[in-house]
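Reading the structure
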Amino acid sequence: NGDFTVRVQKDNFAKYALFTNAQTLPNGTNVWFTNRTNFAGPLHTNGRYNFAFNPSGIFEGAVTQHDSLARFYNNGSNVSLDNNHNGTIDVPTFNTSFTRNVTTVTLSSSVQQSDMQNQASGNTTISTNGIYVPNNGSALTGGIYVYGDGAVSLAVSGTNSIYTVQQGSTTKTITVNPSANTTQVVTSSGGGTVTYNGLPKGVDGLGTLIYVQGNITSLAGTVQKDSKVTIAANSDVIIQNNLTYENYTAAVGTPGTVGYTPPTAIGTDNLLGIVSWAGNVRVGSSAPNNVNIHASVLAKSGYFQVDNYNSGSPRGTATVLGGVITNYYGAFGTFNGSTGA
């Protein structure tokens, strides 16, 4: 009895700390949750989760899977059970819930790859290698478009965002000044400096957009605190150093221990999306130990994985402030099947 308002909107996959279609590598190899696994938000897989050892991960949000059975390591003799633990051998910690046999969630998107290309290119056709900031001579008409492979670095100078894009011997330094509504483009090797009206937010002004029709061979830097940024590639995106928000609260304590507080973004205008449409998002071999990645990561047909995850010395803890939405579940490390180390 009385007036009320109902708001209806499309669901957003960025709500997930982890979403996968299959909780395996592309070749079907199981990837296990262990005592080094900690998630502070909701999880869903259209397959089944794999749990190893006691504890075998700490999960603060709701956890759901499509399969009716969960897989447990069982000291190397895997078993599948309709249960949230395997006796005292494999025992994950669910601080909210673990629900099995739920309906499959379809990974769809209202934004397709071609839409993103058109937004970045200013609805023009680009087919020659290069770094482009589409414009009409005085004002920007798209985002930042790279044809061919390129490296992307983000930096902050006062209230300005700086995007450095390199392809071969050519480097363009693109300084975005939101207060003046201008974008300065400096091209290396005597290419000169040009300042345009407008910001590289695509045709429809949806937020800073960088699209690479190829691989992003290196991605790193700092996202300016008042920026909403999407960085996308047709193929692989390789994170080679820390990638962090300018404005965030750092984690406190050790993951998996009492009193641990995960990192937290401050404000709603400090957002980064990383998209690989046909490849994978990878943490490269040059990335530091204990790498920090602040972004929502989407690998629509691939996975999010650490390069050389099964060789070398332990590299610490990878901390993701955001979420991971992938087709497969990529590996971040290995463990000793006998000791769990």
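Our subject in this report is the structure included herewith.

Each value, and the rule that gives it
Residues numbered from 1 in each chain as written. Predicted model: local features only at pLDDT ≥ 70, side-chain atom pairs only at ≥ 80, totals over all residues. Heavy atoms only, no water. Helix = DSSP H or I, 4+ residues; strand = E, 2+ residues; numbered from the N terminus. Rg over C-alpha atoms; globule rule 2.2 N^0.38 Å. Buried < 20%, exposed > 50% of the residue type's maximum accessible area, 1.4 Å probe, protein only. Contact = heavy atoms within 4.5 Å. Areas by Shrake-Rupley, 256 points an atom, 1.4 Å probe, with all protein chains shown as cover. Lys, Arg positive; Asp, Glu negative; His and termini not counted. Charge placed at Lys NZ, Arg CZ, Asp CG, Glu CD. Phe/Tyr/Trp six-rings, centres within 6.5 Å; stacked < 30°, edge-to-face > 60°. Pairing = 2+ DSSP bridges. Salt bridge = Lys/Arg side-chain N within 4 Å of Asp/Glu carboxyl O. Core = buried A, V, L, I, M, F, W, Y, C linked by side-chain atoms within 4.5 Å.

Regarding its fold elements, the protein chain presents one helix and 28 strands. The C-alpha atoms of the protein chain give 22 Å as radius of gyration, which agrees with the globular expectation for 341 residues (20 Å, within 12%). Principal-axis analysis of the C-alpha atoms places the extent of the protein chain at approximately 70 × 65 × 40 Å. Counting across all 341 residues of the protein chain, residues that qualify as buried make up 45%. For the protein chain, contacts bridging at least 24 residues in sequence account for 54% of all contacts bridging at least 6. Accessible area for the protein chain stands at about 16000 Å²; split by element, carbon and sulfur atoms hold 45% of it. Between the averaged position of the 14 positive side-chain charges in the protein chain and that of its 14 negative side-chain charges there is a distance of 2 Å.

This brings us to helix α1 (residues 113-121). Along an α-helix, residues three or four positions apart point the same way, because every turn accommodates 3.6 residues. Among all positions in α1, only M116, Q117, Q119, A120 and S121 are buried. Where α1 terminates, the next one or two residues include G122, which has phi positive at roughly 70°.

Here we come to the packing of aromatic side chains. Aromatic ring pairs are described here by two measures, namely the spacing of the ring centres and the angle between the planes. The tally for this structure, following the rule as stated, stands at 23 aromatic pairs. With centroids separated by 6.1 Å and ring planes inclined at 40°, the aromatic side chains of F13 and Y16 adopt a geometry described as tilted. Grouping residues by exposure puts F13 and Y16 together as buried. Between F51 and F94 the ring centres are 5.8 Å apart and the planes differ by 90°, which places this aromatic pair in the edge-to-face class.

Quick look at the pairing of strand β1 (residues 18-22) now. Bridge analysis of β1 against strand β28 (residues 319-328) gives four bridges, and the strand direction is parallel. What sits directly across from L18, in β28, is V324. Both β1 and strand β3 (residues 43-45) contribute to a ladder of three bridges, which runs parallel. What sits directly across from T20, in β3, is T45.

This next bit is on the pattern of salt bridges. Applying the stated criterion across every chain yields a total of four salt bridges. Here R100 makes a salt bridge to D82, at a shortest N to O gap of 2.9 Å. Of the two residues, R100 is situated in the loop between β10 (97-99) and α1 and D82 in the loop between β8 (79-81) and β9 (93-94); the sequence distance between them amounts to 18 residues. Of the charged contacts in the structure, one is a salt bridge between D236 and R282, with a shortest N-O distance of 2.9 Å. Remark: R282 occurs in strand β25 (residues 281-283) and D236 occurs in the loop between β20 (228-233) and β21 (237-245); sequence separation between them is 46 residues.

Residue N54 is joined to P55 through a cis peptide bond whose omega torsion reads 0°. By the secondary structure assignment, P55 is in the loop between β4 (50-51) and β5 (58-59). Even without glycine at this site, N181 takes up a positive phi of about 55°. When you line up the elements, N181 lands in the loop between β15 (170-177) and β16 (182-187).

This paragraph deals with the sheet that holds β9. Strand order across the open sheet formed by three strands is β2-β5-β9, with parallel pairing between neighbours. The open sheet is flanked by β2 (38-39) and β9, the only strands paired with a single partner. Inspection of the sheet shows β2 paired to β5 by two bridges, in the parallel sense. Following the sheet pairing, N38 is matched in β5 by I58.

In sheet architecture, strand pairing relies on hydrogen bonds along the backbone and comes in two forms, parallel and antiparallel. Read across the sheet, three strands follow the order β4-β7-β8 without closing on themselves; strand pairing throughout is mixed. Where the open sheet ends on each side, the last strands, each with one partner, are β4 and β8. Note: strand β7 (residues 70-72) against β8, three bridges, orientation antiparallel. Bridge pairing links R71 to S80 in β8.

In this structure, F33, L43, F51, L219, L272 and I274 are the most contacted members of the largest nonpolar core, which totals 57 residues. Setting aside anything within four residues of it in sequence, one finds F51 in contact with W32, F33, S56, F59, A70, R71, F72, Y73, D90, P92, F94 and F98.

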